[in-house]
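Examining the three-dimensional arrangement
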Amino acid sequence: MTRRGRGASGAKDRQGRLLVVEGLDGAGTTTQARLLGERLRAAGRTAHVTAEPSGGPAGALIRQVLSRRVTGRDGRAFDARALALLFAADRLDHHADEIAPKLSRGVDVVSDRFTLSSLAYQGAALGDMAWVAEINRAAPSPDLTVFLRVSPRVALPRRRAATLDREIFEVDAFQRRVAASYERALEVRRAAGDRIAEIDGSRPVEAVADAVWAAVSSLD
Ligand SMILES: Nc1ncnc2c1ncn2[C@@H]1O[C@H](COP(=O)(O)OP(=O)(O)O)[C@@H](O)[C@H]1O
Ligand SMILES: Cc1cn([C@H]2C[C@H](O)[C@@H](COP(=O)(O)OP(=O)(O)O)O2)c(=O)[nH]c1=O
């Protein structure tokens, strides 16, 4: 029987860390989230890699909207504010149901996207980042956000090379608006006290992974 708050070794059980990877479509967030999980495990940490939209029920509905399998009535676009609320709902469910239980057991959680994505994408779609911040106010702040800075000119061809189906946000003009929106969102979250590392995502995969690892290692 271990004393509350201490593991069998007597060492203080440490809370896992929420580490978020952010960037435009094609910035390499999925790749870098996966590689960060591998490096954490190689360094002896337990790590869980996840993503938003999550694999939960709200995330499933979001993916249907993104791929146009679900639209508004008469095939019109799904309401953008309703979609913002779905992302916020998915985030709360994702955190409560998947992330928080792992953090409390000392597992590091790497999430491919989190609140910053909503500020950037829905902020660009709605032109109302303050409202998007408000509906996401209950979501926790990550221990570290890694923002992969890649220009749309570089990111979009990568995304095109990787997938055939065009999701609703994968439009060059919108991605350029999201890139500008991310810059404002970074300022908003930094002002709120978030720890954010900006990394040049245009370099080769392993060089980016090294820079991500250096940012995470600076937390220790
Ligand atoms: N640093 C990089 N340099 C070149 N290609 C990359 C790099 N990072 C990812 N890719 C490639 O770009 C495509 C999109 O990568 P992915 O990680 O899925 O991006 P995202 O999740 O940000 O859309 C994939 O084919 C991936 O192999
Ligand atoms: C998490 C999140 C993602 N998105 C967008 C970013 C992407 O264009 C899209 C899906 O995310 P993405 O990372 O591309 O998932 P997948 O690789 O499985 O397609 O949703 C938002 O608009 N708001 C959010 O809060």
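Scroll up for the structure.
Residues numbered from 1 in each chain as written. Chains lettered and ligands numbered in written order. Predicted model: local features only at pLDDT ≥ 70, side-chain atom pairs only at ≥ 80, totals over all residues. Heavy atoms only, no water.

1. Details of the site of ligand 1
Near ligand 1 there are 15 residues, and of these Gly 26, Thr 30, Thr 31, Arg 159 and Arg 203 occur at the shortest range. The contact in question runs from an oxygen atom of ligand 1 to an N or O atom on the backbone of Thr 29, over 2.8 Å. In the model, an oxygen atom of ligand 1 is placed 2.6 Å from a nitrogen or oxygen of the Thr 31 side chain. When the free accessible area of ligand 1 is taken as 560 Å², the share hidden by the protein chains comes to 73%. In a pocket analysis with a 2 Å cut-off to the grid points, ligand 1 is assigned to the largest pocket. (Near = heavy atom within 4 Å. Polar contact = N/O pair within 3.5 Å; in protein donor to acceptor, adjacent residues only side chain to side chain. Areas by Shrake-Rupley, 256 points an atom, 1.4 Å probe, with all protein chains shown as cover. 1 Å grid on protein atoms, 1.4 Å probe; cavity = no way out; pocket = protein on both sides within 12 Å on 5 of 7 lines; lining within 4 Å. Sits in = over half its atoms within 2 Å of the grid points.)

2. A closer look at the pattern of salt bridges
Considering all chains together, one arrives at 16 salt bridges under this definition. Residue Asp 74 is joined to Arg 76 by a salt bridge in which the shortest nitrogen-to-oxygen separation is 3.5 Å. Residue classification places Arg 76 among the exposed residues on the basis of a relative accessible area of 53%. Ionic contacts of the salt-bridge type, sharing partners, join the residues Arg 17, Arg 45, Asp 108 and Asp 220 into one network. (Salt bridge = Lys/Arg side-chain N within 4 Å of Asp/Glu carboxyl O. Buried < 20%, exposed > 50% of the residue type's maximum accessible area, 1.4 Å probe, protein only.)

3. A closer look at the sheet that holds strand β2 (residues 47-51)
One open sheet accounts for 5 strands, arranged β2-β3-β1-β4-β5; its pairing is parallel. This sheet does not close on itself; its edge strands, each paired only once, are β2 and β5 (196-200). Put simply, the sheet's adjacent strands are angled 20 degrees from each other on average, direction ignored. Bridge count between β2 and strand β3 (residues 108-112): 5 bridges; the pairing is parallel. Paired with Thr 50 across the bridge in β3 is Ser 111. (Pairing = 2+ DSSP bridges. Helix = DSSP H or I, 4+ residues; strand = E, 2+ residues; numbered from the N terminus. Axes fitted to C-alpha atoms, helices over the stretch in contact; angles between N-to-C directions.)

4. Some remarks on the site of ligand 2
Arg 63, Arg 91, Arg 113, Ser 118 and Gln 122 are the nearest of the 15 residues found near ligand 2. Arg 113 places a side-chain nitrogen or oxygen 2.8 Å from an oxygen atom of ligand 2. Taking Ser 118, its side chain carries an N or O atom lying 2.6 Å from an oxygen atom of ligand 2. Burial of ligand 2 by the protein chains amounts to 91% of its free accessible area of 540 Å². Among the detected pockets, ligand 2 sits in the largest pocket.

5. Focus: helix α6 (residues 152-162)
An α-helical segment advances 3.6 residues per turn. Residues three or four places apart therefore align on the same side. Those residues of α6 that sit buried are Pro 152, Ala 155 and Leu 156. Projection of α6 onto a plane perpendicular to its axis shows the buried side chains occupying an angular sector of 95 degrees, all on one side. Looking at α6, the residues exposed on the side facing more than 90 degrees away from the buried face are Arg 153 and Ala 161. On the buried face of α6, the contacting elements are α7 (172-191). (Arc of directions from axis to C-beta. Contact = heavy atoms within 4.5 Å.)

6. What to know about the packing of helix α1 (residues 29-42) against helix α8 (residues 205-217)
Two quantities define a packed helix pair, namely the angle between the helix axes and the distance between the axes. Close contact between α1 and α8 brings their axes to 10 Å; oriented N to C, the two are set at 60 degrees. Judged by the inter-axis angle, α1 sits oblique to α8. Read as a crossing pair, α1 and α8 show a hand that is right-handed. Between α1 and α8, the contacting residues are Thr 31, Gln 32, Leu 35, Leu 36, Arg 39 and Leu 40 on the first element and Val 205, Glu 206, Val 208, Ala 209, Asp 210, Val 212, Trp 213 and Val 216 on the second. (Parallel < 35°, antiparallel > 145°, perpendicular 65-115°, else oblique. Left-handed = near helix turned anticlockwise from the far one by under 90°.)

Structural measurements only, silent on function.
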